[in-house]
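Structural features, examined
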Amino acid sequence: MRGGPRPEDFETNPSTPITGQPTPTYPAGARKKGVGVRTWLVLCSRGQAQTTEVGKHAIMRRTGLPARDLRILDPLLSYPSTVLGRERAIVINLEHIKAIITAQEVLLLNSKDPSVAPFIDELQRRILCHYRATKPKEEENYEGEMDQAQGGGDGTPLLFGDEAKKDAKQSLENQDGSKVLPFEFVALEACLEAASSSLESEAVRLELEAHPALDKLTSKISTLNLERVRQIKSRLVAITGRVQKVRDELEHLLDDDEDMAEMYLTEKLPAESASESNRDESYLRANEDAHDLLMSTHSALSRTSRGTHTSSTRSAMTNKFDVEELEMLLEAYFVQIDGTLNKLSTLREYVDDTEDYINIMLDDKQNHLLQMGVMLTTATLVMSAFIAVAGVFGMNITIELFKDEKAGPTRFAWTVIGGFIGSIFLYVGAIGWWKQKRLLE
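Residues numbered from 1 in each chain as written. Predicted model: local features only at pLDDT ≥ 70, side-chain atom pairs only at ≥ 80, totals over all residues. Heavy atoms only, no water.

Here's the deal with the overall build of the chain
- Scanning the chain from N- to C-terminus turns up 15 helices and eight strands.
- In the chain, which comprises 441 residues, the proportion classed as buried is 33%.
- Of the contacts made within the chain by residues no fewer than 6 positions apart, 68% connect residues no fewer than 24 positions apart.
- Summed over all atoms, the accessible surface of the chain reaches about 27,000 Å², with 55% contributed by carbon and sulfur. (Helix = DSSP H or I, 4+ residues; strand = E, 2+ residues; numbered from the N terminus. Buried < 20%, exposed > 50% of the residue type's maximum accessible area, 1.4 Å probe, protein only. Contact = heavy atoms within 4.5 Å. Areas by Shrake-Rupley, 256 points an atom, 1.4 Å probe, with all protein chains shown as cover.)

Section: the sheet that holds strand β5 (residues 82-85)
- Strand order across the open sheet formed by six strands is β4-β3-β8-β7-β6-β5, with antiparallel pairing between neighbours. With partners counted over all chains shown, the strands left at the sheet margins are β4 (49-54) and β5, one partner each. Averaged over all pairs of adjacent strands, the angle between their axes in this sheet comes to 20°, without regard to strand direction.
- Bridge analysis of β5 against strand β6 (residues 90-94) gives four bridges, and the strand direction is antiparallel. Looking at β6, one finds that T82 is bridged to N93.
- Sitting on the sheet, helix α1 (residues 56-63) is in contact with β3 (38-44), β4, β7 (97-101) and β8 (105-108), with an inclination near 155° to β8.
- Where helix α5 (residues 183-219) meets the sheet, its contacts fall on β3, β5, β6, β7 and β8, and the angle it forms with β7 comes to roughly 170°. (Pairing = 2+ DSSP bridges. Axes fitted to C-alpha atoms, helices over the stretch in contact; angles between N-to-C directions.)

Quick notes on the packing of α5 against helix α14 (residues 324-393)
- Where α5 contacts α14, the axes come no closer than 10 Å and their chain directions differ by 15°. In this view, α5 runs roughly parallel relative to α14, as classed from their interaxial angle. In this structure, α5 meets α14 at a crossing whose hand is left-handed.
- Of the residues assigned to the contact of α5 with α14, the class counts are 22 nonpolar, seven polar and seven charged. (Parallel < 35°, antiparallel > 145°, perpendicular 65-115°, else oblique. Left-handed = near helix turned anticlockwise from the far one by under 90°. Nonpolar A, V, L, I, M, F, W, Y, C, P; charged D, E, K, R; others polar.)

Things to note about the nonpolar core
- By size, the foremost hydrophobic cluster in this structure holds 59 residues, and its most contacted members are I92, V106, L108, F119, L123, L188 and L326.
- If sequence neighbours within four positions are ignored, V106 has contacts with L41, V42, L43, A99, I100, I101, L123, I127, F183 and A187.
- Counting residues in each nonpolar core, the second largest holds 14 residues, with W40, V42, V54 and V91 among its members. (Core = buried A, V, L, I, M, F, W, Y, C linked by side-chain atoms within 4.5 Å.)

A short note on the UniProt feature "transmembrane region" (unreviewed entry) in the chain
- Within this numbering scheme, the UniProt entry marks residues 369-392 and 412-434 as carrying the feature "transmembrane region" (unreviewed entry).
- What you have in residues 369-392 is 100% helix and 0% strand, and the ends, taken at the C-alpha atoms, are 34 Å apart.
- Along residues 412-434 one finds 100% helix and 0% strand; the C-alpha atoms at either end are 33 Å apart. (UniProt positions renumbered as here; feature names shortened; annotations may be inferred.)

Focus: a nonpolar patch on the surface
- Together, W414, I417, F420, I421, I424, F425 and V428 make up a nonpolar patch on the protein surface, roughly 770 Å² of accessible area in all.
- Here I424 shows up in helix α15 (residues 408-436). (Patch = residues over 30% accessible without salt bridge, like charges linked within 9 Å, V, L, I, M, F, W, Y side chains within 5 Å. Salt bridge = Lys/Arg side-chain N within 4 Å of Asp/Glu carboxyl O.)

Focus on the packing of aromatic side chains
- In total, this model carries one aromatic pair according to the counting rule given.
- Seen from their ring centres, F185 and Y264 are 4.8 Å apart, and the 85° between their planes marks the pair as edge-to-face. Taken as a pair, F185 in helix α5 and Y264 in the loop between α7 (257-262) and α8 (265-268) lie far apart in primary sequence, 79 residues in all. Y264 carries the same exposure label as F185, and that label is buried. (Phe/Tyr/Trp six-rings, centres within 6.5 Å; stacked < 30°, edge-to-face > 60°.)

A few points about the confidence of the model for the chain
- Scored by pLDDT, the chain comes out at a mean of 75, with 68% of its residues at no less than 70.
- Contacts for the low-pLDDT stretch residues 271-291, under 50 throughout, to residues beyond four places or in other chains number 32 contacts.
- Across residues 296-320, confidence stays below pLDDT 50; counting only partners more than four residues off in sequence or on other chains, it has 21 contacts. (pLDDT = per-residue confidence, 0-100.)

Some thoughts on the pairing of β8
- Taking every second residue as pointing to the same face, both faces of β8 are buried, with E105 and L107 on one and V106 and L108 on the other.
- Bridging between β3 and β8 involves four bridges; their strand directions are antiparallel. When the bridges of β8 are listed, V42 appears paired with L107.
- Inspection of the sheet shows β7 paired to β8 by three bridges, in the antiparallel sense. Note that in β8 the partner of A99 across the bridge is L108.
- In sequence, β7 turns back onto β8 through a hairpin of three residues.

See below:
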């Protein structure tokens, strides 16, 4: 008797309408880790990395992204290269890079991929440089900002709304006064550079393999050389499509100022949150009272203003979509991707020219074979005529040529020689006529 499930292996499901419907029991912890739980590498604004396992819904609450945007990063699904700007995050799906960028952290999905390891090191280095470039400036001006927030002795008024955001935006300066990109743009630039460099390296490697293979094919047409060129052409078509998709995505962003304005995540943060995210924790603990006063005053003003229901996205799109900073960043990598695409287009033209040359060579050989076939067919026709003459003489008839006492072997020999010479003249005449008609070269 085969062993099967026993009644004690099931428990009654109280949620089913049918009483007593058995429901299989699961081992402890089997329900806790769902299918959507994946390993994410989180890089904060200070360059610190942490690996965590969270589910899809936790990522949605953390970044404010809908489920359809997270599907773009699903490694089990094949989505083309995409850059999406949302209210609180930027979704990056460029080649091997699958990341979510917020105003304060970067979440990487496939951090265990060996091809992503160099990108993680470079991204962490850039984030750390960005943190070191902006942190001393903020610490230096922190006490003055707190005096302004509390209404200092010099009578400086409080800053709220757009003025506070401008002040937070101006704090992103280096010690020498040079402008520093926001955190999300630093991470975005690292992603774009990694993707464009990866595509360019693939294009260069393919170009180095293609030229020798094509030159070898032109010198010797063989099955092995044709198979190599076929594989190179398949790779060329695939990488061209990938580069074209990245180029189209960047071009779409550059053509739409609203989409670029959506990617200014730091500006969409409240002014006090933007400044707090970059301050040292010791300063925050020492000035909690000033922060509470700033929060309460800001809430009072926001309740009485007309723009209570206006989203932070619209506030980031003021001044006719001032996106020059992001536009310059995207244009630089658009030019690089466009150069890679032009290089692939040039290689594709070289492959097409080689194919045309090979086809011309094959057509020429085919023409030579056809001419050889015409000449052999003509020779066969002439020989058939000579054989027909021999067949006539082989008939059982009585003529003087067959009588030895009158004709003899001499006449027979002259008859054979005459028939052979006549066949040659007939063949030469046929070939000359076809050459005159340009049927033969």
